[in-house]
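# Residue-level structure breakdown
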Amino acid sequence: MNIATFPNFRNARVRFFTPRIDGSIVIVDRRALDPEATPERLIERNEELNAISAAIDPQVGAPRPVFLFGPSGSGKTTVATFALKEARRKLFDIRTAIVSGRGRTRAAVLRDTVREAIGGHKVYQSKGTDALCRDLEALEDRLLVVCDEADQLRDKQVLADLYHIEDCTLIVIGNREAELF
């Protein structure tokens, strides 16, 4: 299995900040304080963005997972969200989902994935994991799923569920690789 892993994610510098001559950094865009904001351009993240792009590019081969590891606040989620936004903009045959793994069960993550990728009409609380996986497998479009805080999942089996869905690319984000594996 070919995977791209970036275990040493350093602090990301994005367009929201500008360095000053005295070495301090000035916030130039109030969106920097919004945890949901994604910059229009990322700086010093070409390697990571190229790996994610290659992972979802159908000309490169079968989809493969990408793992982003690093400390909180280092820009892992920003890079993944940026890549997801670019994929939506450039590709027409793709469905996307960003789900949180923090303390979540397998069924909860699958429900959120179906809700975001297909729509809420396919999800009800008592729907089992097998049925949710079948819903995702029935998609004719490619699927790109970002699982944030995956190292804090209550049941990591959901990562295998998503990995085994045909034409699904999984971007797994965590703080520490050892906790995930």
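The structure presented is a predicted model; accordingly, all values stated were derived computationally and were not measured.

### Re helix α2 (residues 76–90)
Each turn of an α-helix holds 3.6 residues, which means side chains three or four residues apart point in the same direction. With 15 residues, α2 should reach 21 Å at 1.5 Å per residue; the first-to-last C-alpha distance of 21 Å fits that figure. Every buried residue of α2 is accounted for by Lys76, Val79, Ala80, Thr81, Phe82, Ala83, Leu84 and Ala87.

### Looking at the packing of helix α3 (residues 106–117) against helix α4 (residues 129–137)
Following both chains from N to C, one finds α3 and α4 inclined at 30 degrees, their axes separated by 9 Å at the closest point. On the basis of their axis angle, the class for α3 and α4 is roughly parallel. For the pair α3 and α4, the sense of crossing is left-handed. The segment α3 lies against α4, with Arg106, Ala107, Leu110, Arg111, Thr113, Val114 and Ala117 engaging Thr129, Leu132, Cys133, Asp135 and Leu136. For the contact of α3 with α4, the per-class residue count stands at 7 nonpolar, 2 polar and 3 charged.

### As for the pattern of salt bridges
Within the structure shown, the criterion is met by 8 salt bridges. For the salt bridge of Arg106 with Asp161, the shortest nitrogen-to-oxygen distance reads 2.5 Å. On the criterion of sequence distance, the pair formed by Arg106 in helix α3 and Asp161 in helix α5 (residues 157–163) is long-range, its members being 55 residues apart. Taking the relative accessible area as the measure of exposure, Arg106 reaches 21% and is therefore partly exposed. On the accessibility criterion, Asp161 (10% relative accessible area) is buried. The partner of Glu179 in a salt bridge is Arg176, and the shortest N-O contact between them spans 2.0 Å. Overlapping salt bridges, with partners in common, bring together Arg104, Asp112 and Arg115 in one network.

### Details of the nonpolar core
Among the nonpolar cores identified, the biggest contains 26 residues, and Leu136, Leu159 and Leu162 are the most heavily contacted of them. Contributions of two or more residues to this core are made by β6 (66–69), α3, α4, β8 (142–148), α5 and β9 (168–174). Of the residues forming this core, the biggest block, 4 residues, is contributed by α3. One finds Leu68, Leu84, Ala87 and Ile173 within the second-largest nonpolar core, a separate group that totals 17 residues.

### Notes on α3
Between its first and last C-alpha, α3 extends 16 Å over 12 residues, near the 16 Å set by a 1.5 Å rise per residue. Of all 12 residues in α3, 9 are buried, a share of seventy percent or more. Among the residues of α3, those classed as buried are Ala107, Ala108, Val109, Leu110, Arg111, Asp112, Thr113, Val114 and Ala117. Buried-residue contacts for α3 involve β7 (94–100), α4, β8 and α5. Count one or two residues on from α3 and you reach Gly119, which has phi positive near 135 degrees.

### Concerning the packing of helix α1 (residues 46–56) against α2
Packed helices, taken two at a time, are described by the angle between their axes plus the distance between the axes. Two numbers describe how α1 lies on α2: the axes approach to 10 Å, and their chain directions differ by 45 degrees. Taken together, the axes of α1 and α2 are oblique relative to one another. The handedness of the crossing between α1 and α2 comes out as right-handed. Within the contact between the two elements, α1 uses Glu48, Leu49, Ile52 and Ile56 and α2 uses Val79, Phe82, Ala83 and Ala87. Class assignment of the residues belonging to the contact of α1 with α2 gives a composition of 7 nonpolar, no polar and 1 charged.

### Focus: the pairing of β6
On β6, burial covers both faces: Val66 and Leu68 on one face and Phe67 and Phe69 on the other are all buried. Where β6 and β9 come together, 4 bridges link them in parallel fashion. Bridge pairing in β9 links Phe67 to Val172.

Definitions and cut-offs
- Residues numbered from 1 in each chain as written.
- Predicted model: local features only at pLDDT ≥ 70, side-chain atom pairs only at ≥ 80, totals over all residues.
- Heavy atoms only, no water.
- Helix = DSSP H or I, 4+ residues; strand = E, 2+ residues; numbered from the N terminus.
- Expected span 1.5 Å × (residues − 1).
- Buried < 20%, exposed > 50% of the residue type's maximum accessible area, 1.4 Å probe, protein only.
- Axes fitted to C-alpha atoms, helices over the stretch in contact; angles between N-to-C directions.
- Parallel < 35°, antiparallel > 145°, perpendicular 65-115°, else oblique.
- Left-handed = near helix turned anticlockwise from the far one by under 90°.
- Contact = heavy atoms within 4.5 Å.
- Nonpolar A, V, L, I, M, F, W, Y, C, P; charged D, E, K, R; others polar.
- Salt bridge = Lys/Arg side-chain N within 4 Å of Asp/Glu carboxyl O.
- Core = buried A, V, L, I, M, F, W, Y, C linked by side-chain atoms within 4.5 Å.
- Pairing = 2+ DSSP bridges.

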